[in-house]
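So you can see what is in the structure, the chains are spelled out below.
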Amino acid sequence: MLRPKMVLIDVDGTLVDSVPDLAFCVDAMMDRLGRPPRGEAAVRNWVGNGVERLVRRALIGQLHGEPDEADFDVALPIFLELYADNTSKRSLLYPGVREGIAFLKAAGYPLGCVTNKAAQFTEPLLRDLGIRDNFSLVVSGDTLPKKKPDPMPLLHAAQHFGVDPRDALMIGDSVSDVEAARAAGFGIICMSYGYNHGQDIHAAEPDAVIDSMTELEGLLVAAA
């Protein structure tokens, strides 16, 4: 991997463990619908493709498949209302994130976020956790017509920074991140701890897998 000229970082499962808030909202939604809770363990396997997909999975209780559309139309506004009030009450930065960002900033890498989370939740979450100002660009799930795994958000960011995609790096945690990076021509590093629907991210064959963002310094300096 060449020394990148810009770095994009995913949010959920990479920077932030947001499952505690998402699981709270899923279970509160289910309660309002008169249905049993799903629990944090299940939600942890369902996140990563935006809240609409999460709500659909919660309604059917599994990763794949579709709920009745009438049920979904009732459930989604309930979830959105709950999550607006519970975006960052239980979510935490993963260990090593602040140190990793500090290294990237000190090394002079332009930084951006690319997430499938809607902007109305992304911006408050990053602000509340004290890291929003580190990113000169945030591309949320509803910023553009398409989101990851489509390469559009990554290519948009590369254009914003004036960087050739071949000189850009994505840091994520899921197959969606790997697919988007490969399609865009980016390098891709994945976190071992993130949200990948219960599958080992090594199977997606990113350029590297690390356990903490503190490992970025050795990895990128070695590649410089």
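Residues numbered from 1 in each chain as written. Predicted model: local features only at pLDDT ≥ 70, side-chain atom pairs only at ≥ 80, totals over all residues. Heavy atoms only, no water.

Trainee: So what's going on with the overall build of the protein? Which residues, and what values?
Mentor: On a plain count of helices and strands, the protein comes out with nine helices and eight strands. The C-alpha radius of gyration of the protein comes to 17 Å, within 12% of the 17 Å expected for a compact globule of 224 residues. A principal-axis box enclosing the C-alpha atoms of the protein has dimensions of 55 × 30 × 30 Å. Within the protein, buried positions represent 51% of all 224 residues. Intrachain contacts of the protein at a sequence separation of at least 6 include 64% that bridge at least 24 residues. Roughly 9700 Å² of accessible area belongs to the protein as shown, and the carbon and sulfur atoms make up 50% of that amount. Side-chain charges in the protein split into 21 positive and 32 negative, and the spacing between the mean points of these groups amounts to 3 Å. (Helix = DSSP H or I, 4+ residues; strand = E, 2+ residues; numbered from the N terminus. Rg over C-alpha atoms; globule rule 2.2 N^0.38 Å. Buried < 20%, exposed > 50% of the residue type's maximum accessible area, 1.4 Å probe, protein only. Contact = heavy atoms within 4.5 Å. Areas by Shrake-Rupley, 256 points an atom, 1.4 Å probe, with all protein chains shown as cover. Lys, Arg positive; Asp, Glu negative; His and termini not counted. Charge placed at Lys NZ, Arg CZ, Asp CG, Glu CD.)

Trainee: Go over the nonpolar core with me, naming the residues and quoting the values.
Mentor: Soluble globular proteins: nonpolar side chains tend toward being buried together. Ranked by size, the top nonpolar core spans 55 residues in total, and within it Leu15, Met29, Val43, Phe79, Leu104 and Phe135 carry the most contacts. Counting residues per element, this core draws most heavily on helix α1 (residues 19-32), at eight residues. Once residues within four sequence positions are removed from consideration, Phe79 is found in contact with Leu22, Cys25, Val26, Met29, Val51, Leu54 and Val55. Of all hydrophobic cores here, the second largest spans 21 residues; its members include Val139, Ala158, Val163 and Ala184. (Core = buried A, V, L, I, M, F, W, Y, C linked by side-chain atoms within 4.5 Å.)

Trainee: Outline unusual backbone geometry, supporting the account with residue identities and numerical values.
Mentor: Here Lys148 and Pro149 are connected by a cis peptide whose omega angle stands at 15°. With respect to the secondary-structure elements, Pro149 resides in the loop between β5 (137-139) and α7 (152-161). In this structure, His197 is a non-glycine residue whose phi angle is positive, near 55°. Within the fold, His197 resides in the loop between β7 (187-191) and β8 (208-210).

Trainee: Describe helix α8 (residues 175-184), listing the residues and the values that go with them.
Mentor: Within α8, burial applies to Ser176, Asp177, Val178, Ala180, Ala181 and Ala184. Buried residues along α8 sit in contact with α7, β6 (168-172) and β7. Gly185 sits one or two residues past α8 and shows a positive phi near 85°.

Trainee: I'd love a proper account of helix α6 (residues 119-128), names of residues and values included.
Mentor: In an α-helix there are 3.6 residues to a turn, and that puts residues three or four apart on one side. Looking only at α6, the buried set comprises Phe121, Thr122, Leu125 and Leu126. The buried residues of α6 occupy an angular sector of 120° when projected down its axis, which confines them to one face. Residues of α6 that are exposed and point more than 90 degrees away from the buried face comprise Gln120, Arg127 and Asp128. The positive-phi residue at the C-terminal boundary of α6 is Gly130, with phi of around 80°. (Arc of directions from axis to C-beta.)

Trainee: Describe in detail the sheet that holds β8, supporting the description with residues and values.
Mentor: Here we have six strands laid out as an open sheet, ordered β5-β4-β1-β6-β7-β8, and parallel in their pairing. Looking along the sheet, the strands with just one partner apiece sit at the ends: β5 and β8. On average, each strand axis in the sheet is inclined to that of its neighbour by 25°, with strand direction left out of account. Judged from the four bridges that link them, β6 and β7 form a sheet pairing that is parallel. Bridge pairing in β7 places Leu169 opposite Gly187. With respect to the sheet, helix α5 (residues 97-106) is in contact with β1 (6-9), β4 (111-114) and β6, its orientation differing from that of β4 by roughly 135°. (Pairing = 2+ DSSP bridges. Axes fitted to C-alpha atoms, helices over the stretch in contact; angles between N-to-C directions.)

Trainee: Tell me about the packing of aromatic side chains, and name the residues and values.
Mentor: Counted under the stated rule, the structure contains four aromatic pairs. One aromatic cluster is present, built from ring pairs that chain together Phe79, Tyr83 and Phe121. If you follow Arg56 out to its NZ or CZ, it ends over the ring of Phe72, 3.8 Å from the centre. A cation sits over an aromatic face here: Arg90 above Phe24, 3.8 Å from the ring centre. (Phe/Tyr/Trp six-rings, centres within 6.5 Å; stacked < 30°, edge-to-face > 60°. Lys NZ or Arg CZ within 6 Å of the ring centre and 35° of its normal.)

Trainee: Can you break down the pairing of β6 residue by residue, with the values?
Mentor: Most of β6 sits inside the fold, with five of its five residues counted as buried. Burial of the side chains of β6 extends over both faces: Ala168, Met170 and Gly172 are buried on one face and Leu169 and Ile171 on the other. Pairing between β1 and β6: four bridges, direction parallel. Of the residues in β6, the one forming a bridge with Met6 is Ala168. The β-α-β motif built from β6, the intervening α8 and the parallel element β7 has right-handed crossover chirality. (Right-handed = clockwise from strand over helix to strand, strands pointing away.)

Read these as spatial facts, not as claims about activity.
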